[in-house]
Amino acid sequence: DAPVINSITPEFSNNIDQTSINELPINGRRASNFVLLTPGVAPDGNFGLISFRGISGLLNNSTVDGGDNNQAFFSEERGRTRINYSISQDAIREFQVNTSNYSAEFGRAAGGVVNSVTKSGTNEFHGSAFYYLRDNKYGARNAFATQSVLNPNGSISIIGLKPKDERHQFGGSIGGPIAKDRLFFFFSYDQQIRDFPGVAAPGSPTFLNPITVALPIAPRTCSSSGQTASETLACRGVTQTQVNAGLNYLRNLTGEVPRKGDQTLFLPKIDWVINNKHSFSAVFNRLRWDSPAGVQTQAVVTRGRTAFGDDKVSIDTLNLRLNSNLSATFLNEARFQYSRDLEQQFGQAPDPSEPTTANGFPPGASIGGGSGITIGKPNFLDRTAYPDEKRWQYANTTTLIKGTHTLKFGGDINRVSDVLDNLFQNAGIYTYTTLADFLTDFSIPSQKRYSRMNQGFGPTAFKFSTTDYNFFVQDDIRVNPSLSVNLGLRYEYQQLPDPQIPNALEARTATFPADKNNFGPRVGFAYDIFGDGKTSFRGGYGIYFGRIINSTISNAITNTGVVEGQRQFQRVPGDAGSPTYPNILATPPNVGSTPDIVVFSRNMENPLIHQGDVVLERVIAKNTVVSISGLFSWGRNLPTFVDSNLNAPTGSTTYTFSGGMFNGQTLTIPRFTGARPNTNFGRITEIRSTIESDYQALVLQINRRLSDGIQFQSSYTYSSSFDNGQISQTFTNSNVPLNPFDLSLENGPSNFDIPHRFVASLVYAPKTFFGLGEGSSVGRAVLGGWTFSPIFTAQTGVNYDAGVGGNAPSATSTGIFGAGGANRLPNVDRNLYRQPSIYNLDTRVSRRFKFTETTNLEILAEGFNVFNRRNITGVDSRAYNISGTNLNFNANFGIPTAAGNSIFRERQIQFAARFAF
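These numbers come from a predicted model, not from an experiment.

*Asks:* Tell me about the overall build of the protein, and name the residues and values.
*Replies:* Within the protein one finds seven helices and 52 strands. Its C-alpha atoms put the protein at 90 × 65 × 50 Å along the principal axes. For the protein, the proportion of its 917 residues judged to be buried stands at 58%. Taking all contacts inside the protein whose residues are at least 6 apart in sequence as the whole, residues at least 24 apart take part in 75%. For the protein, the exposed area adds up to about 34500 Å²; of that, 57% sits on carbon and sulfur atoms.

Right under this line is the structure:
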């Protein structure tokens, strides 16, 4: 048996073995979700991304059999998180989660590296078949799946919805010999057919409650602050009939949304022992996913019924590997990969009541922030190819063993080609701070009460390529039987494409960065303290580099402000030629035609992370280990986006708070006013590498490898994570900081700060049913074969800001400062508030019926969130709304708006049958 503790290598890692993969309940059967069983990680957002050590989930690296399983454009696993999974769980033998101090052989990750290994055939035939059924008629209703219904008497009833969520997963695998001892095959097939209507609903169930227009209105009321929505509408001349029509229009866009998904995967694999020195393997993985209305996958979506989007994904991956044992001390591994990831998303057909523009779709409208709803065509659709990504990877690793040294060296070249066919915000998108503002524009066409309107122009299709060059050398030294020292050095260079359409008016559009000094030393040790293999002390330090995300590069290519490129324009009501809802601009605006552009900073560098840890590990019983670990991670050169076309603020605004925690107080802050320094452009978004992060953690673990029918893993992570504005952002944000001239306002807890996280899993497979049948073989056959497998998670809730809706008066751009950046209260710390803690219990109960020594049928039931705890995953984070120089409190601030994401949802029940031979 392999040692239960690691006394040879320094990495902080966890192996998820076949027992865990086969026996533990995993919601959706996405194998990579097992990563959440390991310490030092936390969910990044609500769609399945995972943060390692306080670093964005977009900076990880996923591999399968050593080949990249990433999509460079969105920097996620291939297919992204909305598909069920990109490789069948039935095809995975094991995978390793490396969070730090891993060998210099691995890289291209500022976060973690997850390496999956597929199954292979052997000299005996092995196979499996499975069928999973999930139907939410056995489960619970999502607490936020509601719809506002207008009663005949004019009142509103909030009714709970429980749309069908039914999925059928079926498939199997088989492997065995083609020629004994020489040639083997493995094949897996996996299909999921899902019918899972979504619920379109505003963030607050009372958002669309009736509004009674109060007439008459005294002139004093119309000029005073702190008006109610009723008073505001009356002062603007909106009638009760018009208000009712607008509310009914929005209500008709809520409710159940038909949504389906059909995913098919198959994976054939060949292993060939060419001779005593060489072996070869070839693996091909094919995925097809088709999902009408499936771009939005959550149970409740704060979008209108026709604003979900249709989704298609096609993935083809070929991995080839040649292993050569040239001598007892000279080994070589050569790998090649070709892959294609084609993703397409399209707008749904509009409702007959929705006003369509020249492109056949209604413009988007974001209404009311977190409590509200977004309607119309999503600002990111259509995506005919987004991306059509092809990858060619060539890698070679050589191992030399000489005395006490095991020397590894090699490298890989990764070339990625992205084809993009999309124009962001092509249908236009309006932003409304309040529902009253939207109802005003909906009712009176001449009004312009939106806070801003954005629209894109230009060609849709672009193509570019990036090439990553990576080289490493690693020396693992066995100093003596108790001490190992590990030394490594890795070099990484990400070659960016050349600019395609530079703008002569801005030199930064003609230059992309070339960060060529990315040398990452790594050093570690492992010491068997007493020389008996029962107590290990390990530690290490290394420098790791992440990639500049290809979607970020894409924006710098296409958004240069020239006619040949894509141009984004922002209009506010006071601009000449600004449209009225629901109209959009037919051509780029001529008056004040200052397009927004995106450029790289001249000092742009790849993300750099300093990581280190120390681990003390001790065997306390048979196959049982306890450990205590100290971890740190210092992020440097992390990306952010800053509008560099702003003058330093020369004016100020004094706001008066009305209601809430600062009622009656005043707040004076700088205001950005006047023309921009470069009048040829609006916002000049500069991509910078200036974010720094600081993560520290203490980890306690107790783990037992499967023996005597019991396996468990448990960990508690106590951590702190701070930074100065790190975000998980694909593409670019026009401006991240509140005030680009005072970045100290961005210091605070990280978006990924989860101070307390406890995870425990158990696999209990007694030979009898709690002792029953122990005395006879018949009793054991009847009462034995049970397995009980729970996973319990408890963690601190996610933090959030005290946000602000609306814009500063007479300012250069949008937001409370008029800088167009983050819109939150500057008098409180960033991420000061927290959502409630999460407690979740998933469990599986199964029984195997053995027909022969190697053949069995398993019947199982799984429950996810079995106690149906309402785990809050979203709140209304808008604390105040700007009205002139008043800040009016939002009574819904901090009120939950979502419960459940891709992992922590309402209770769900699943039944399955699995056959293995």
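*Asks:* Give a detailed account of the nonpolar core, specifying residues and quantitative values.
*Replies:* One finds Ile816, Leu825 and Leu887 to be the most contacted residues of the largest nonpolar core, which totals 32 residues. The element contributing the most residues to this core is strand β49 (residues 878-883), with three residues. Once you skip the residues sitting within four places of it in the chain, Leu825 turns out to touch Phe657, Phe662, Ala802, Val804, Ala879, Tyr880 and Leu887. Within the second largest apolar cluster, 28 residues are counted, among which are Leu24, Phe34, Leu36 and Ile92.

*Asks:* Any details on the sheet that holds strand β36 (residues 651-658)? Residues and values, ideally.
*Replies:* The mixed open sheet is built from five strands, whose spatial order is β37-β36-β50-β49-β44. A single partner strand is all that each edge strand has here, and the edge strands are β37 (666-671) and β44 (803-805). Along the sheet, successive strands turn relative to each other by an average axial angle of 30°, direction set aside. Looking at chain direction, β36 and strand β50 (residues 886-889) are connected through three bridges and run parallel. Within β50, the position partnered with Phe657 by the bridge is Leu887.

*Asks:* So, the packing of helix α4 (residues 240-251) against helix α5 (residues 435-443): which residues are in play, and what are the values?
*Replies:* Running from N to C, α4 and α5 point in directions that differ by 110°, and their axes come no closer than 9 Å. Here α5 runs roughly perpendicular to α4, going by the angle between their axes. Along the contact surface, α4 presents Gln242, Val243, Ala245, Gly246, Leu247, Tyr249 and Leu250, while α5 presents Leu435, Phe438, Leu439, Phe442 and Ser443. Class assignment for the residues of the contact of α4 with α5 results in nine nonpolar, three polar and no charged.

*Asks:* Can you explain a nonpolar patch on the surface? Please cite residues and give values.
*Replies:* A surface patch of nonpolar side chains, about 700 Å² in accessible area, is lined by Phe125, Ile174, Phe187, Phe849, Phe851, Ile859, Phe915 and Phe917. Note that Ile859 resides in strand β47 (residues 855-864).

*Asks:* Let's hear about the packing of aromatic side chains: which residues, and what values?
*Replies:* On inspection of all chains with the given rule, the structure shows 40 aromatic pairs. On the basis of an interplanar angle of 65° and a centroid distance of 5.9 Å, the ring pair of Phe130 and Tyr132 is categorised as edge-to-face. What makes Phe130 buried here is its relative accessible area of 5%. Taking relative accessible area as the criterion, Tyr132 reaches 1% and is therefore assigned buried. Judged by centre distance (5.0 Å) and plane angle (80°), the ring pair of Tyr430 and Tyr450 falls under edge-to-face. A residue pair is termed long-range when its members are at least 10 positions apart, and Tyr430 in strand β26 (residues 429-432) and Tyr450 in the loop between α5 and β27 (452-457) qualify at 20 residues. Given the relative accessible area of 3%, Tyr450 is considered buried.

*Asks:* Explain the sheet that holds strand β16 (residues 255-257) to me, using residue names and the numbers behind them.
*Replies:* In space, the three strands of this open sheet follow the order β16-β15-β19, with mixed pairing throughout. Looking at the sheet topology across the chains shown, the edges are occupied by β16 and β19 (300-301).

*Asks:* Lay out unusual backbone geometry with the relevant residues and their values.
*Replies:* Here the bond from Tyr386 into Pro387 is cis, since omega is -5°, no more than 30 degrees from zero. With respect to the helices and strands, Pro387 occurs in strand β24 (residues 383-402). For the bond running from Tyr581 to Pro582, omega is 5°, close enough to zero to count as cis. Here Pro582 lies in the loop between β32 (567-571) and β33 (597-600). Non-glycine residue Asn831 carries a positive phi angle of around 55°. Among the structural elements, Asn831 can be located in the loop between β44 and β45 (833-834).

*Asks:* Tell me about α4, residues and numbers included.
*Replies:* Taking 1.5 Å of rise per residue, 12 residues should cover 16 Å, and α4 covers 16 Å from first to last C-alpha, within 8% of that figure. Inspection of α4 places Val243, Gly246, Leu247, Tyr249, Leu250 and Arg251 among the buried residues, and these make up the whole buried set.

*Asks:* Which residues make up the pattern of salt bridges, and what are the values?
*Replies:* Scanning the model with the defined rule gives 39 salt bridges in all. Residues Arg108 and Asp412 are paired through a salt bridge, measuring 3.2 Å at the closest nitrogen-oxygen approach. Remark: Asp412 occurs in strand β25 (residues 405-422) and Arg108 occurs in the loop between β8 (92-100) and β9 (113-118); sequence separation between them is 304 residues. By relative accessible area, which is 8% here, Asp412 ends up buried. Note that Arg305 is salt-bridged to Asp351, the shortest N-O span being 3.0 Å. Note that Arg305 is positioned in the loop between β19 and β20 (310-327) and Asp351 in the loop between β21 (330-346) and β22 (364-367), a separation of 46 residues in sequence. Here the salt bridges do not stand alone but share partners, grouping Glu23, Arg848, Glu858 and Arg914 into one network.

*Asks:* Give a detailed account of the pairing of strand β46 (residues 838-852), specifying residues and quantitative values.
*Replies:* Judged from the 10 bridges that link them, strand β42 (residues 786-795) and β46 form a sheet pairing that is antiparallel. Its bridge partner lying in β46, Phe788 is registered against Val845. Here β46 runs beside β47; their pairing, made up of nine bridges, is antiparallel. Looking across to β47, one finds that Arg847 is bridged to Ile859. Hairpin geometry of β46 and β47 is characterised by an intervening segment of two residues between the two adjacent antiparallel strands.

*Asks:* Quick one: what's the story with the side chain of Asp341, residue by residue and with numbers?
*Replies:* Relative to the helices and strands, Asp341 is located in strand β21. No salt bridge forms around the buried Asp341; measuring N to O, its nearest opposite-charge neighbour Arg78 is 5.5 Å away. A distance of 3.2 Å separates the side chain of Asp341 from the side chain of Gln71, its partner in a polar contact. Of note is the side chain of Asp341, whose polar atom sits 3.0 Å from the backbone nitrogen of Gly79. Excluding residues that lie within four positions of it along the chain, Asp341 makes contacts with Gln71, Arg78, Gly79, Val313, Ser314, Ile315, Pro387, Asp388 and Glu389.

*Asks:* An account of the pairing of β32 is needed here, citing residue identities and associated values.
*Replies:* Where burial is concerned, most of β32 is hidden: five out of the five residues are buried. Of the two faces of β32, the one holding Arg567, Phe569 and Arg571 and the one holding Gln568 and Gln570 are both buried throughout. Bridging between β27 and β32 involves five bridges; their strand directions are antiparallel. Within β32, the position partnered with Asn454 by the bridge is Gln570.

*Asks:* Help me get a handle on the environment of Glu354, residues and values and all.
*Replies:* By secondary structure assignment, the location of Glu354 is in the loop between β21 and β22. With a relative accessible area of 5%, Glu354 lands in the buried category. C-alpha of Glu354 to C-alpha of Gly488: the two residues are 134 residues apart in sequence and 61 Å apart in space. With near-sequence residues (within four places) excluded, Glu354 lies in contact with Tyr249, Leu253, Thr306, Pro362 and Gly376.

*Asks:* Summarise the environment of Gly360; cite the residues concerned and give the values.
*Replies:* Mapping Gly360 onto the fold places it in the loop between β21 and β22. A relative accessible area of 33% places Gly360 in the partly exposed class. As a C-alpha pair, Gly360 and Glu692 span 332 residues in sequence and 45 Å in three-dimensional space.

What counts, and at which threshold
- Residues numbered from 1 in each chain as written.
- Predicted model: local features only at pLDDT ≥ 70, side-chain atom pairs only at ≥ 80, totals over all residues.
- Heavy atoms only, no water.
- Helix = DSSP H or I, 4+ residues; strand = E, 2+ residues; numbered from the N terminus.
- Buried < 20%, exposed > 50% of the residue type's maximum accessible area, 1.4 Å probe, protein only.
- Contact = heavy atoms within 4.5 Å.
- Areas by Shrake-Rupley, 256 points an atom, 1.4 Å probe, with all protein chains shown as cover.
- Core = buried A, V, L, I, M, F, W, Y, C linked by side-chain atoms within 4.5 Å.
- Pairing = 2+ DSSP bridges.
- Axes fitted to C-alpha atoms, helices over the stretch in contact; angles between N-to-C directions.
- Parallel < 35°, antiparallel > 145°, perpendicular 65-115°, else oblique.
- Nonpolar A, V, L, I, M, F, W, Y, C, P; charged D, E, K, R; others polar.
- Patch = residues over 30% accessible without salt bridge, like charges linked within 9 Å, V, L, I, M, F, W, Y side chains within 5 Å.
- Salt bridge = Lys/Arg side-chain N within 4 Å of Asp/Glu carboxyl O.
- Phe/Tyr/Trp six-rings, centres within 6.5 Å; stacked < 30°, edge-to-face > 60°.
- Expected span 1.5 Å × (residues − 1).
- Lys, Arg positive; Asp, Glu negative; His and termini not counted.
- Polar contact = N/O pair within 3.5 Å; in protein donor to acceptor, adjacent residues only side chain to side chain.

The values are spatial; any link to function lies outside them.
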